[in-house]
Amino acid sequence: MAPVNSKEFLSHPEVIQTTRTHNKVMEKRLSFIPELCPVFKNACTELHPDMRHRFKIHPACRDQLPDIIDNPVQSVAGVANPDEHLSQRYTKKQHIGIVFSGGPAPGGHNVIAGVFDAMRSANPDSRLFGFLMGPDGLLESNYIELTREIIEAHRNLGGFYMIRTGRTKIDTKAKIALARETCKALDLDALVIVGGDDSNTNAAFLAQELYNDGIQVLGVPKTIDGDLQAKDIEGNSLCTISFGFHTAARAFAHDISNLCTDCSSDAKYWHVCRVMGRSASHIGLEAGLQVHPNILVIGEELAEFIDTERLEKAKKQGTIDYTAYGMTLRHLSRVICDGIVRRAAVGKNYGVIVIPEGVLEFINEIQIFIIKLNTIIADYNTTHDTDFHTDFFTLEEKLDYLRRLARLSREEGTFSIWNTRDDDLFNDLPDFFQEELLIERDSHGNFQFSQVQTEKVIMGLVKDYLKILQDKGEYKMGIERLWYHRTLESGGVRADAYGPLLFQNYDSDDPYLLMRPSFVSLKTLKQELVKSGTLDEEDDIPSPVKKIYQASVPKFKTQNHFYGYDGRGNDPTWFDCTYTYNLGWTAFSLIAANATGQMAGIKHLEKDFSQWKPIGIPIAPMMHLEERKGRLALVLERTTVDIDSPAFQVVKAMREKWLAAEPGPDDYRRPGPVLYAGEGEDDHPLTLTLNHLAKN
Ligand code: FBP
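Now for a quick tour of the structure. Everything numeric here is computed off the predicted structure, so don't read it as measured data.

Calculation notes
Residues numbered from 1 in each chain as written. Predicted model: local features only at pLDDT ≥ 70, side-chain atom pairs only at ≥ 80, totals over all residues. Heavy atoms only, no water. Helix = DSSP H or I, 4+ residues; strand = E, 2+ residues; numbered from the N terminus. Contact = heavy atoms within 4.5 Å. Core = buried A, V, L, I, M, F, W, Y, C linked by side-chain atoms within 4.5 Å. Buried < 20%, exposed > 50% of the residue type's maximum accessible area, 1.4 Å probe, protein only. Domains from an automatic or database assignment. Near = heavy atom within 4 Å. Nonpolar A, V, L, I, M, F, W, Y, C, P; charged D, E, K, R; others polar. Pairing = 2+ DSSP bridges. Axes fitted to C-alpha atoms, helices over the stretch in contact; angles between N-to-C directions.

## Remarks on the environment of Lys607
Now for step 1: Turning to its location among the elements, Lys607 is positioned in the loop between β16 (598-603) and β17 (613-618).
Now for step 2: As for Lys607 and Met162, which are separated by 445 residues in sequence, their C-alpha atoms are 31 Å apart.
Now for step 3: In this structure Lys607 touches Trp612, His684 and His692, once residues within four positions along its chain are discounted.

## Re the nonpolar core
Now for step 1: Judged by nonpolar contacts, the single largest core of 130 residues is most densely connected at Ile98, Leu206 and Tyr579.
Now for step 2: It is helix α27 (residues 574-592) that contributes the most residues to this core, 12 residues altogether.
Now for step 3: Each of domain 1 (32-244 + 573-636) and domain 2 (247-465 + 644-695) accounts for three or more of the residues forming this core.
Now for step 4: Those residues within four positions of Leu206 in sequence are excluded, and the remaining contacts are Leu138, Ile170, Ile176, Ala179, Leu191, Ile193 and Val217.
Now for step 5: Residues Trp270, Phe388, Leu395 and Tyr401 belong to the second largest nonpolar core, which totals 54 residues.

## A word on the site of the ligand
Now for step 1: Gly103, Arg167, Asp225, Glu357 and Tyr565 are the nearest of the 15 residues found near the ligand.
Now for step 2: The residue inventory of the shell around the ligand, partitioned by class, reads 3 nonpolar, 6 polar and 6 charged.

## Structural notes on the sheet that holds strand β6 (residues 190-195)
Now for step 1: Read across the sheet, 9 strands follow the order β1-β2-β17-β16-β7-β6-β3-β4-β5 without closing on themselves; strand pairing throughout is mixed. Where the open sheet ends on each side, the last strands, each with one partner, are β1 (44-50) and β5 (143-145). For this sheet the average axis-to-axis angle between neighbouring strands, irrespective of direction, equals 30°.
Now for step 2: Where β6 meets strand β7 (residues 216-221), 6 bridges bridge the pair, whose relative direction is parallel. For Gly195, the partnering residue across the bridge sits in β7 and is Pro221.
Now for step 3: In the packing of helix α6 (residues 108-122) onto the sheet, the strands contacted are β3 (95-100), β4 (127-131), β6 and β7, and the crossing angle to β3 comes to about 175°.

Nothing here speaks to function; it is all geometry.
As structure tokens, this is what we get:
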């Protein structure tokens, strides 16, 4: 055989074909041109204020963002035959800067491609600059000029690697001055910030600061979390979902559905899938609708839970039990155990559980720790030259600091954010979880849920409780009746002689037999058999009976999975390819019409593509005060899952079916791999489709 590295072999056409960076699928993806909304097929566009949309404005917004607070919603309208004034404005040579901010989300490259194509179709001499490594690039004047060649190599591809991203917040006068300097040096007309709630908050403040410099600042709604949505005061949706959400949820769903296939094949594992999405459970909800997991936890539902039994009990004692509001970690573990035990009873020793990474934020006892620790860390960092995580490097050092705070509050008898009770409760948590609750906050002061092994915390409690249920004989594998008969009879033992003794439901028609709870070991089983006269003291339990007993003892085995960074880096779906490309064109329309402090948006995303409407969404009127780094700050509000929404109600109604705690097949759904072409009912997020259907 010829040596593999011989020049001749490497230049063989098939070797060249096999080792190309892009295969045929990728080549097709790169050359896919998403359809444009009809308005963009005109010679140019203009903006029409849509005064039907009103907002409840927080007074602090008016004080801090005076020049952009009265921005209206703008509809992008196509103009086939523009007059000279409009034509001149639209085709003006522009210098535009663009920056990614926050975590990557599939479709970002198409936003850039959209801005580039729109800008160049208006004026071939316009220039687009990409700031590198996120907002740092803007502060450090670190950029590249984005050429057609660069754009072509990234069309319809996932990630943000064309210019990369970062999480730096532009939150001080000094940083704003640096940003202004960079924009001026590049003679920028406009800056486009592609980011989530915090980054669009940044965009609004920057728009205000650069207002008098004549530099426009626009936002683009990005985040896989799906928590950046926008509504007017009447609840009319302006931005139903941020880009990247659909792809990430679809990618996770595809992976999780493969686990459904696997676990129902070898029937021995429970797959526990934590999915990204920060505190909101949107991704969990969407992935759940895509795959029908046996157990789906939605954080927002836990917060709304009311333990009526506890309330009643307290009422009888003449008190109110405030801890009855919201689900505790222990209670959640019981709910999960219930599903596991019920499936085991019909012989299903396997399943899939989906847990959004941020559910802990909806569990009071943990949320309190997160808020208190946010404040303690933020206070420490503002009052010291160094920072909390450098000064207290090990877990022991951090715990020691907390202990000191608790002691101070006890000795001085004054109110303190951390008291002895907090300290005691905190010390009851497993070390790994304490460490995770104490991790560094991100640059916006947010708790980093992706660093917490939420599934490990919950499943730890589940395992402990299953053990208790097993010891009590309440957690047993159901034994298929036919198999029982076959096993005993092929071993020469009369099934009917043992059946009524072994099983609590032998005389029923149930296809699965449940071992009596009192048989918690072979020893207790033998004692009962002897007592009933079925077996002599000196005889052994017949081996087929032993085999049946052993098969009734559940072996609970889990595999934990985290779906996050992988789906975030997935190549975009048709929905995200098309949405983002049109967002890019929308951003350009806003720039061409001199808008600032607006976020590009597409209305009616839940409807057919033919009804999508590009708009400008005013950022400032949608802001409110929220705790960040231990202080109240103006930010864009995050949207969590509405448990009254049709999509969630569908999940609720389907839960029993998806749990499939009955004989027969499971109800797993296979969404298939992510494609850039339309995919029938899956070409839009299912949550959007269901919520929209219910309105009609
Ligand atoms: P953005 O809000 O910036 O879009 O980021 C979303 C996200 O992917 C979350 O789902 C996740 O919790 C977090 O980023 C992870 O952050 P990091 O990349 O810093 O680990």
